[in-house]
Amino acid sequence: MARFRRKSCCALIALALAVFIITVILKSLSPEDNNFGSQFALRLIPPSRQMEQDNKAVVSAKPAQMIPAEKADRMENEMQGFPEPNYNVHAFYYVWYGNPQFNGKYVHWDHLLLPHWDPKVASGYPSGRHQPPDDIGANFYPALGPYSSRDPMVLEEHMRQLRTAAVGVLAVSWYPRSMKDDNGEEIDNLLPLVLDAADKYQLKVVFHIEPYKGRDDANMRENIKYIVERYGNHPAFYRYKTSNGKFLPLYYVYDSYLQTPDVWAQLLKPNGLSTIRNTPYDGIFIALLVEERHKKDIQTAGFDGLYTYFATNGFTYGSSHHNWRSIKTFCDYNDLVFVPSVGPGYIDTSIRPWNSQNTRNRINGKYYETSFNAAVEARPQIISITSFNEWHEGTQIEEAIPKTWGKTVYLDYLPHKPTVYLEITQKWARKFSEEQKKWLE
């Protein structure tokens, strides 16, 4: 009997000890004291109703907002992965695109097929309008699809691509308030979004002033005043350092030859009736050089420099690579800024089906490399790129993808990646920077 009691007592002690040990183990695995608590403890014990409610609350909760310091650190880390922006490399940038999500309809992607000026020639080509999203007014198809320039995600991606390419400045096609091109919508109200997006990626913005209806010296002065007062204090607003140390806004003036030198002189000469010189609205005004005779007109008008825009070698005097060195000599002699415009190729037959003679094949990037090489050899102050996203004329360096729709086969960048022209741009932006340093030694 005594042996039975001892055995019972030992069994009770062993059982109590076992219960104690299990309790300690479970306690050590509870969510309160273990970083992996919810993953392991829930396998051992059934969850309480309160725990189920807590878990549901966690699942349905919104992600915690990133505090400003964390955002800044993340952005700084991202910037370190990009090449340095070259502020002497400018890319022409277009914000005239739209789609139903952001604009209520497609804008510019549905471009008209433009008729030839000779009715007899025009009769031999198709007419009408493109019908997006599969049928767009371009020979290439964008990786982002027929996007809207009002889409913040698109602006973000464009700035990322530009920064990847080491471009420092985007030259935004601009019409004054309440004005637009024949196929688009008003774009001035988009500029704050563009400037903010550019600033985030340490890019700068200049204005590429289009030939708006009625452009003359008087309203140009008012428009320049508006630009400076409306956007001049934004950190992304570009200013060019002049030879005398001033920092002035820079403006590209497209089709400047449409106004006579006398009209421009009223704005750009110190004694002009609408003069902008030596005022808070003074700037660096870059005229478009098309024909050789325009060189003298540009000088007489009081412009500060000239650019060539067209990505078609041989199409105009200004766009012909073999003329760039002599143009640079002319600019140096007359204290003008020379901005040759390089491009990856040209094809606009999606909107001008009769214009195939002006097509410039990309030759898998060789045309672009040749263009950049000719520009660097001319030793200019700035090189401009035609273009980042002028899809209608096939001059874009923005990412494009292969696409087939019915009998339509869009051009693409194969056998290279969609990023190939961004990579070529980065290579030459770096080389241009290195060469400019040598010229100054």
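Residues numbered from 1 in each chain as written. Predicted model: local features only at pLDDT ≥ 70, side-chain atom pairs only at ≥ 80, totals over all residues. Heavy atoms only, no water.

Describing the overall build of the chain
The test is simple: Here a strand is any run of E in DSSP of at least two residues, a helix any run of H or I of at least four, and the numbering for each starts at the N terminus. For each residue, the accessible area found with a 1.4 Å probe, counting protein chains only, is set against the maximum for its type, and the residue is called buried under 20%, exposed over 50%, and partly exposed in between. Every residue pair with non-hydrogen atoms within 4.5 Å of one another is taken to be in contact. All accessible-area figures derive from a Shrake-Rupley calculation using a 1.4 Å probe, and residue coverage is judged against the displayed protein chains alone.
If you tally the helices and strands in the chain, you get 14 helices and 14 strands. Counting all 441 residues of the chain, 49% fall into the buried class. Put simply, of all contacts in the chain between residues at least 6 apart along the chain, 71% involve residues at least 24 apart. Of the roughly 22,800 Å² of accessible surface on the chain, a fraction of 55% belongs to carbon and sulfur atoms.

Focus on the pairing of strand S4 (residues 204-209)
Our working rule: When the strands point away from the viewer and the path from the first strand over the helix to the second turns clockwise, the crossover is right-handed. The criterion for strand pairing is that DSSP finds at least two bridges linking the strands in question.
For S4, a buried count of five out of six residues is recorded, marking the element as mostly surrounded by other parts of the structure. For the crossover from strand S3 (residues 167-174) across helix H8 (residues 191-200) to S4, the handedness is right-handed. In this sheet, strand S6 (residues 247-253) lies alongside S4 in parallel orientation, the contact comprising three bridges. Counted as the bridge partner of Phe207 is Tyr251 from S6.

Quick notes on helix H7 (residues 152-164)
Note the threshold: Helix span is expected to be 1.5 Å times the residue number reduced by one. Polar contacts, as used here, are pairs of N or O atoms within 3.5 Å; protein pairs need one atom able to donate a hydrogen and one able to accept it. Residues neighboring in sequence count only if both atoms are side-chain atoms.
The terminal C-alpha atoms of H7 lie 18 Å apart, and with 13 residues this matches the ideal 18 Å at 1.5 Å per residue to within 8%. The opening residue of H7, the one whose side-chain oxygen lies 2.9 Å from the backbone nitrogen of Met153, is Asp151. Directly after H7, the chain includes Ala166, whose backbone phi takes a positive value near 70 degrees.

So, the nonpolar core
Spelled out, the test is: Residue types Ala, Val, Leu, Ile, Met, Phe, Trp, Tyr and Cys, when buried and joined through side-chain atoms within 4.5 Å, form a set referred to as a nonpolar core.
Ranked by internal contacts, the top residues of the largest apolar core, which has 111 residues, are Met159, Leu170, Ile224 and Tyr252. No other element matches the seven residues that helix H14 (residues 420-440) contributes to this core. Discounting chain neighbours no more than four positions away, the residues touching Met159 are Tyr93, Leu170, Val194, Ala197, Ala198, Tyr201 and Leu203.

A word on the packing of H7 against H8
Put simply, the rule is: Note on geometry: axes are C-alpha line fits, over the in-contact stretch for helices, and angles between N-to-C directions span 0 to 180 degrees. We call two directions roughly parallel when the angle between them is under 35 degrees, roughly antiparallel when it is over 145, roughly perpendicular when it lies between 65 and 115, and oblique otherwise. In a left-handed crossing the near helix is turned counterclockwise from the far helix by less than a right angle, and in a right-handed crossing that turn is clockwise. When residues are sorted by character, Ala, Val, Leu, Ile, Met, Phe, Trp, Tyr, Cys and Pro go into the nonpolar class, Asp, Glu, Lys and Arg into the charged class, and all the rest, Gly among them, into the polar class.
Closest axis-to-axis distance for the H7/H8 pair is 9 Å, and the angle between their directions is 40 degrees. Between H7 and H8, the interaxial angle falls into the category oblique. The element H7 and its partner H8 pack so that their crossing is right-handed. Here H7 contributes Leu155, Glu156 and Met159 to the contact with H8, which in turn contributes Leu193, Val194, Ala197, Ala198 and Lys200. Within the contact of H7 with H8, the residues separate by chemical class into six nonpolar, no polar and two charged.

Some points on the confidence of the model for the chain
What counts is decided by this rule: The predictor rates its confidence in each residue with pLDDT, a number between 0 and 100.
Of all residues in the chain, 82% attain a pLDDT of 70 or more, and the chain-wide mean is 88. The low-confidence segment residues 1-7, where pLDDT is below 50, has zero contacts with residues more than four positions distant or belonging to other chains. Between residues 24-65, whose pLDDT stays under 50, and residues either more than four places distant or in other chains, the model counts 18 contacts.

Some words on the pairing of S6
Across the seven residues that make up S6, a large majority, six, are buried. The sheet contact formed by strand S5 (residues 239-241) and S6 spans three bridges and is antiparallel. Residue pairing for S6: Tyr240 is matched across the bridge by Leu248. A loop of five residues connects S5 with S6, the two strands running antiparallel in sequence, and Gly245 in this loop sits at a positive phi of about 90 degrees.

Looking at unusual backbone geometry
Omega for the bond connecting Pro132 with Pro133 falls within 30 degrees of zero, at 15 degrees, which places this linkage in the cis form. Inspection of the secondary structure puts Pro133 in the loop between helix H6 (119-122) and strand S2 (141-142). The linkage connecting Leu414 with the following residue, Pro415, adopts the cis geometry, with an omega of 10 degrees. Structurally, the position occupied by Pro415 is in the loop between strand S14 (408-409) and H14.

Details of the packing of aromatic side chains
Counted only if it meets this: Any pair of Phe, Tyr and Trp rings, taking the six-membered ring for Trp, is counted once the centres come within 6.5 Å. Such a pair is stacked with planes under 30 degrees apart, edge-to-face with planes over 60 apart, and tilted for the rest.
A full pass over the atoms with the stated rule returns 28 aromatic pairs. With 5.7 Å between their ring centres and 40 degrees between their planes, Phe92 and Tyr307 make a pair best called tilted. With Phe92 in strand S1 (residues 86-93) and Tyr307 in strand S8 (residues 305-307), this residue pair connects regions lying 215 residues apart in the sequence. Judged by relative accessible area, which is 0%, Tyr307 ranks as buried. Centroid distance Tyr97 to Trp109: 4.4 Å. Interplanar angle 25 degrees. Geometry classified as stacked. Of this pair, Tyr97 sits in the loop between S1 and helix H5 (100-103) while Trp109 sits in the loop between H5 and H6; the two residues are twelve residues apart in sequence, bridging distant segments of the chain.

A word on the packing of helix H13 (residues 366-377) against H14
Put simply, H13 and H14 touch, their axes get as near as 10 Å, and they point 15 degrees apart. One finds that H13 runs roughly parallel with respect to H14. As for the relative orientation of H13 and H14, their crossing is right-handed in sense. Counting all contacts with H13, which are made through Tyr368, Glu369, Phe372, Asn373 and Val376, the residues of H14 involved are Tyr421, Ile424, Thr425, Lys427, Trp428, Phe432, Glu435 and Trp439.

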